[in-house]
Amino acid sequence: MAENTPQKQSSSSSNFAGTFLTVANSIFVILALGWCALVGMLPLLLVSGFVHDLTYYPLYLAALALSTPGIAALFAVFRDQPTLFSGNSALRAKVWQDHADEKDFPPDWIAQPYVDPNHNAAVIKPYFRAYARVFKRSLAMGFTFAVLAFCFLYNMQIFAQLPFGVYVTPMLAVCLVFLAQALLIALVLVVEYPKAKWLVTLKNAVMLSVRRFYMIVVSGIVLAAFGFALVTWSPILFLLLGTGVVGYMLWASARWQADKLFVLMANESKDKRIIDMYSAQSRGNNFFNAQSDWQQ
C-alpha cells in the first residue's frame, strides 16, 4: 500500500484548515449579523417585548415599518458577504474585481458592494454602513406595506362580524401573507437597485411575490418555528442565536423570487459584465416587461 507523501499530507492539512476557517467565519458572521439586526430592529423588538395584546396591531405595524431599514441592511450584507456563499456573491466579487479599473462599472442603477470581498469576516461596519445607505428607501417601503397591511387587517375585523365574512376573511388573510412576502422582496430590490422609484419597486415586489410562490411556505415555516421557539423556550437565547439564521433564510427565499427580475434586467442591459455578474447568460428573460425607471 502506497504511503501518503508529505506533499499530500500538507495539502490535506491545508484543506482542513481552510474548511475549518470558513465554517468558523460563517458561524461568526451569522451570529454577529443577528446581533446587529437586533439593534437595527429595536422598535419591533421593544413592542414585541412589552405589548402582548394583538389588538394593538397598528403599533406592531408601525414598529415593523421603523425596523425595515434594519432588515434591509441585513439583506445588504447577505448580498455581498463572501464567507456565506450567498447567491452569486463569489461571482459578483470576481466580476467587480476584474473590472475595478473601469469607471463605468458597475452602472449607478446597481448598488455598489456593501461588503469588501477581501474581508471575509467583516460584519459590524458593513451592516451599519448599509443601514445608512438604504435607510430612506427601505423606510418608505416599510410604511407603505404597513399601511396596506393595516387596511387588510382592519377589513378582516369588519368582515369577521358579518354573516358572509367567513367567505371573505380567508381571502384577505391569503392576500396578507403574499403582502408580507412582497415586503421582503421589496427590501431585496431596494438593496439591489438604489435608483429604483418607489412605485416601480412596489409594483415589481407584488408581482414577484406570486412567482415561485412556494417560497412563501418556506418563509412561513421559518417564522412559525422561530416564533414557537421564542414562546416555548428562552426568548433571549433564541434571539441571540437564531436571528441571523432566520434572517438569512428569509433573505434567501425572497432573493430566489427576485432572481427573475435580476436576470431580466441583466439581459436587457446588453452589458456582458452585468450578464456575467448575474449568471444571466442563456437564462430566459420572458418574464414581464422591464420598467425603464429602474435605470433612471
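Residues numbered from 1 in each chain as written. Predicted model: local features only at pLDDT ≥ 70, side-chain atom pairs only at ≥ 80, totals over all residues. Heavy atoms only, no water.

Observations regarding the environment of methionine 265
Phase 1: Relative to the elements of secondary structure, methionine 265 occurs in helix H9 (residues 235-269).
Phase 2: Along the chain, methionine 265 and tyrosine 278 lie 13 residues apart, while their C-alpha atoms are 9.4 Å from each other. (Helix = DSSP H or I, 4+ residues; strand = E, 2+ residues; numbered from the N terminus.)

Observations concerning helix H3 (residues 57-80)
Two residues of an α-helix separated by three or four positions point the same way, owing to the 3.6 residues in each turn.
Phase 1: An ideal rise of 1.5 Å per residue puts 34 Å on 24 residues; H3 measures up with 34 Å between its terminal C-alpha atoms.
Phase 2: The sharpest bend along H3 measures roughly 40° and falls at serine 67, with the proline proline 69 sitting one to four residues further on. (Expected span 1.5 Å × (residues − 1). Bend = angle between axes of the 7 residues up to and from the residue.)

Let's talk about the confidence of the model for the protein
Phase 1: With 86% of its residues at a pLDDT of at least 70, the protein reaches an overall mean of 84.
Phase 2: Within the protein, H3 carries the highest mean pLDDT (95), whereas helix H1 (residues 6-40) carries the lowest (73).
Phase 3: Counted against residues more than four places away or in other chains, residues 284-292, with its pLDDT under 50, gives 19 contacts. (pLDDT = per-residue confidence, 0-100. Contact = heavy atoms within 4.5 Å.)

Looking at the packing of helix H5 (residues 124-160) against helix H6 (residues 165-192)
Phase 1: Two elements in contact, H5 and H6, have axes separated by 9 Å at closest approach and are oriented at 175°. By the angle class used here, H5 and H6 are roughly antiparallel.
Phase 2: Tallied by class, residues from the contact of H5 with H6 come to 22 nonpolar, five polar and one charged. (Axes fitted to C-alpha atoms, helices over the stretch in contact; angles between N-to-C directions. Parallel < 35°, antiparallel > 145°, perpendicular 65-115°, else oblique. Nonpolar A, V, L, I, M, F, W, Y, C, P; charged D, E, K, R; others polar.)

Quick word on the pattern of salt bridges
Phase 1: Evaluation of the coordinates by the stated rule reveals six salt bridges.
Phase 2: When the shortest N-O distance is used, the salt bridge between aspartate 108 and lysine 195 registers 3.3 Å. Highlighted residues: aspartate 108 in the loop between helix H4 (89-98) and H5 and lysine 195 in the loop between H6 and helix H7 (198-209), separated in sequence by 87 residues.
Phase 3: Since its relative accessible area comes to 52%, aspartate 108 is described here as exposed.
Phase 4: Where aspartate 271 meets arginine 273, a salt bridge forms, and the shortest distance between an N and an O atom there is 2.7 Å. With respect to class, aspartate 271 is no different from arginine 273; both count as buried. (Salt bridge = Lys/Arg side-chain N within 4 Å of Asp/Glu carboxyl O. Buried < 20%, exposed > 50% of the residue type's maximum accessible area, 1.4 Å probe, protein only.)

Observations concerning the side chain of glutamine 181
Phase 1: Relative to the assigned elements, glutamine 181 resides in helix H6.
Phase 2: Residue glutamine 181 is classed as buried on the basis of its relative accessible area, which comes to 2%.
Phase 3: In this structure glutamine 181 touches Met215, Ile216, Ser219, Ser253, Ala254 and Gln257, once residues within four positions along its chain are discounted.

Considering the side chain of serine 253
Phase 1: Positionally, serine 253 belongs in helix H9.
Phase 2: Owing to a relative accessible area of 1%, serine 253 belongs among the buried residues under this scheme.
Phase 3: Only 2.9 Å separates the side chain of serine 253 from the side chain of serine 219, close enough to count as a polar contact.
Phase 4: Apart from the residues within four sequence positions on either side, serine 253 is in contact with Gln181, Met215 and Ser219. (Polar contact = N/O pair within 3.5 Å; in protein donor to acceptor, adjacent residues only side chain to side chain.)

Describing a nonpolar patch on the surface
Phase 1: Nonpolar side chains collect at one region of the surface, where Phe150, Tyr154, Ile158, Leu162, Phe164, Val166 and Tyr167 lie side by side and expose about 700 Å² of accessible area between them.
Phase 2: Elements with a minimum of two residues in the nonpolar patch: H5 and H6.
Phase 3: Top contributing element to the nonpolar patch by residue count: H5, with three residues.
Phase 4: Looking at where leucine 162 falls in the secondary structure, it is placed in the loop between H5 and H6. (Patch = residues over 30% accessible without salt bridge, like charges linked within 9 Å, V, L, I, M, F, W, Y side chains within 5 Å. Areas by Shrake-Rupley, 256 points an atom, 1.4 Å probe, with all protein chains shown as cover.)

Concerning the nonpolar core
Phase 1: The biggest cluster of nonpolar side chains holds 69 residues, and the ones touching the most others in it are Leu33, Phe75, Phe145 and Leu189.
Phase 2: Leaving out residues up to four positions away in the same chain, phenylalanine 145 has contacts with Leu179, Ala182, Leu183, Ala186, Leu202 and Ala205. (Core = buried A, V, L, I, M, F, W, Y, C linked by side-chain atoms within 4.5 Å.)

Digging into the packing of H3 against H9
Phase 1: One can describe the packing of H3 onto H9 by two numbers: an axis separation of 10 Å at closest approach and a directional angle of 75°. Viewed along their axes, H3 and H9 adopt a mutual orientation that is roughly perpendicular. Packed against H3, whose contacting residues are Leu74, Phe75, Phe78 and Arg79, the element H9 presents Gly244, Gly247, Tyr248 and Trp251 at the interface.
Phase 2: Tallied by class, residues from the contact of H3 with H9 come to five nonpolar, two polar and one charged.

A few points about the packing of aromatic side chains
Phase 1: Throughout the structure, instances matching the rule amount to twelve aromatic pairs.
Phase 2: Each ring, one from phenylalanine 78 and one from tyrosine 248, has its centre 5.1 Å from the other, and the planes form 90°; the classification is edge-to-face. Residue phenylalanine 78 is found in helix H3, and its partner tyrosine 248 is found in helix H9; the two are separated by 170 residues along the sequence.
Phase 3: Classification of tyrosine 248 by relative accessible area gives partly exposed; the value is 22%.
Phase 4: Ring geometry for tyrosine 248 against tryptophan 251: centres 5.6 Å apart, planes inclined by 45°, an arrangement best described as tilted. Residue tyrosine 248 and its partner tryptophan 251 are located together in helix H9, separated by three residues, close to a single helical turn.
Phase 5: Looking at tryptophan 251, the relative accessible area reads 4%, which means it is buried.
Phase 6: Among the aromatic residues, those joined into a ring-pair cluster are Trp109, Tyr193, Phe262 and Tyr278.
Phase 7: Its guanidinium or amino end placed over the ring of tryptophan 256, arginine 212 lies 3.9 Å from that ring's centre, counting from NZ or CZ. (Phe/Tyr/Trp six-rings, centres within 6.5 Å; stacked < 30°, edge-to-face > 60°. Lys NZ or Arg CZ within 6 Å of the ring centre and 35° of its normal.)

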